[in-house]
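# Coordinates in review
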Amino acid sequence: MWMSDTQKIGAAFTGSGTFFLLLGLMFFFDRALILMGNILLLLGITVLLGPTKTFNFFAKKEKLKGTAAFIVGLAFILARWPMVGFVVECYGLLLLFKDFFGVLVGFIGSIPVVGPYIEGPLARITGTGRVLPV
């Protein structure tokens, strides 16, 4: 499956957003870098999936708690409390993407040599196994 040019741009925005979030952490919760990372991450997800699918993802009934936590974390960062905001945002992202952990555990388990050793503890921590979302 090939990505369209628009999806490639969305993936670049998402990767840049992740980079700026990590850079903001490395510079001791720098508010400007974390905000830039959040904006690029949201923009990248929107361009990658499309506005309708993005809205449907964040507005699902089972994902409303994660969406609310992410927005409250963003508000904390805007209110100049970047450490608290980042922790609340991380909690929201964990709630939003908890269905993805099974795929992640399956991928890590398929890495040669070290995969089987990492897969067991990771599956116990996340409560998932080698589950595909299909």
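One structure accompanies this document, and this report is about it. Here, residues in each chain are numbered from 1, in the same order as that chain's written sequence. pLDDT decides what is reported in this predicted model: residues at 70 or higher carry local features, side-chain atom pairs at 80 or more are listed and counted, and totals for whole chains, interfaces and linings draw on all residues regardless. Excluded from the side-chain calculations are hydrogens and water; all other atoms, namely the structure's heavy atoms, are used.

The way it works is that DSSP assigns letters per residue, a run of H or I at least four long becomes a helix, a run of E at least two long becomes a strand, and they are numbered from the N terminus. Helices and strands together make up the secondary structure of the chain, namely seven helices and zero strands. From first element to last, N terminus to C terminus, the chain shows the α and β order α-α-α-α-α-α-α. Dimensions of the chain along its principal axes, counting C-alpha atoms only, are 45 × 35 × 30 Å. Counting every position in the chain, which comprises 134 residues, the buried fraction comes to 31%. Should any heavy atoms of two residues lie within 4.5 Å, those residues are considered in contact. By sequence separation, contacts in the chain at least 24 residues apart represent 49% of the contacts at least 6 residues apart. Note on areas: these come from Shrake-Rupley sampling with a 1.4 Å probe, and a residue is covered only by the protein chains present in the view. On the chain, roughly 9,000 Å² of surface is accessible, and the fraction owed to carbon and sulfur atoms is 76%. The charge count treats Lys and Arg as positive and Asp and Glu as negative. His and the chain ends do not count. Each charge is placed at NZ for Lys, CZ for Arg, CG for Asp and CD for Glu. Taking the average place of the 11 positive charges on the side chains of the chain and the average place of its 6 negative ones, the gap between the two points comes to 5 Å. Relative accessibility under 20% of the residue-type maximum defines a buried residue, over 50% an exposed one, and the middle range a partly exposed one, all with a 1.4 Å probe and only protein chains included.

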